[in-house]
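Read off the chains here:
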Amino acid sequence: MAVKVYVISNPLAINLLIDNDIDGFKAYLDSDDMLYFPEPEVFDTNQEALAFCAGIGYGTNENVTPERYTLRSCEETDLPFIEAIEKY
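Presented here is an overview of the structure given in this document.

**Points about the overall build of the protein**
When you go through the protein residue by residue, the secondary structure sums to four helices and three strands. In the protein, the order of α-helices and β-strands from amino to carboxyl end is β-α-α-β-α-β-α. Rg of the C-alpha trace for the protein: 13 Å, near the compact-globule value of 12 Å for 88 residues, within the 12% margin. Based on the C-alpha atoms only, the size of the protein along its principal axes is roughly 35 × 30 × 20 Å. Looking at the 88 residues of the protein, the share that counts as buried comes to 32%. Taking as baseline every contact in the protein between residues at least 6 positions apart, the subset at least 24 positions apart corresponds to 73%. Of the roughly 5900 Å² of accessible surface on the protein, 49% is carried by carbon and sulfur atoms. Placing the 5 positive and 17 negative side-chain charges of the protein at their respective mean positions leaves the two points 3 Å apart.

Okay, structure coming up:
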């Protein structure tokens, strides 16, 4: 099964994702029709997706909000956010 990975770079969206605030995330999407979410990267295996995400997180400081945040279709907790993005 293919794994989709969305790379989010919007600071407010990232904060909502970190807080696992799906209602706030949906409200944010509803409040702005000019948000841009790039097409997901698609991988054949979960291992490939994890390697890609590890590369994005490499060298980041865990004490600050990341500049990029990943959502993976293989993660149950990410699915509501991915569905909201795909309906946006």
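**Structural notes on the sheet that holds strand E2 (residues 41-43)**
Working definition: the strands of a sheet are paired by backbone hydrogen bonds and lie parallel or antiparallel to each other. In space, the three strands of this open sheet follow the order E2-E1-E3, with antiparallel pairing throughout. Each of the sheet's edge strands pairs with one partner strand only, and the pair in question is E2 and strand E3 (69-72). In this sheet, neighbouring strand axes are inclined to one another by 25° on average, regardless of whether the strands run parallel or antiparallel. In this structure, strand E1 (residues 3-8) lies alongside E2, joined through three bridges in antiparallel fashion. Pairing of Lys 4 across the sheet is with Val 42, part of E2. Contacting E1 and E3, helix H1 (residues 11-18) crosses the sheet at an angle of about 55° to E3.

**Notes on the pattern of salt bridges**
Tallying each qualifying case throughout the model produces two salt bridges. Among the salt bridges present, the one from Glu 86 reaches Lys 4, with a minimum N-O distance of 2.7 Å. Taken together, the residues Glu 86 in helix H4 (residues 79-87) and Lys 4 in strand E1 connect sequence positions 82 residues apart. Between Glu 75 and Arg 72 there is a salt bridge; the shortest N-O distance is 2.9 Å. Given the relative accessible area of 28%, Glu 75 is considered partly exposed. Residue classification places Arg 72 among the buried residues on the basis of a relative accessible area of 17%.

**A look at the nonpolar core**
Soluble globular proteins: nonpolar side chains tend toward being buried together. Residues Ile 8, Phe 25, Phe 37, Leu 71 and Ile 85 are the most contacted members of the largest nonpolar core, which totals 16 residues. When neighbours within four sequence positions are excluded, Leu 71 is seen to be in contact with Lys 4, Val 5, Tyr 6, Ile 8, Leu 17, Asp 78, Phe 81, Ile 82 and Ile 85. Counting residues in hydrophobic clusters, the runner-up holds five residues, among them Val 3, Val 5, Phe 43 and Cys 53.

What counts, and where the lines are drawn
- Residues numbered from 1 in each chain as written.
- Predicted model: local features only at pLDDT ≥ 70, side-chain atom pairs only at ≥ 80, totals over all residues.
- Heavy atoms only, no water.
- Helix = DSSP H or I, 4+ residues; strand = E, 2+ residues; numbered from the N terminus.
- Rg over C-alpha atoms; globule rule 2.2 N^0.38 Å.
- Buried < 20%, exposed > 50% of the residue type's maximum accessible area, 1.4 Å probe, protein only.
- Contact = heavy atoms within 4.5 Å.
- Areas by Shrake-Rupley, 256 points an atom, 1.4 Å probe, with all protein chains shown as cover.
- Lys, Arg positive; Asp, Glu negative; His and termini not counted.
- Charge placed at Lys NZ, Arg CZ, Asp CG, Glu CD.
- Pairing = 2+ DSSP bridges.
- Axes fitted to C-alpha atoms, helices over the stretch in contact; angles between N-to-C directions.
- Salt bridge = Lys/Arg side-chain N within 4 Å of Asp/Glu carboxyl O.
- Core = buried A, V, L, I, M, F, W, Y, C linked by side-chain atoms within 4.5 Å.

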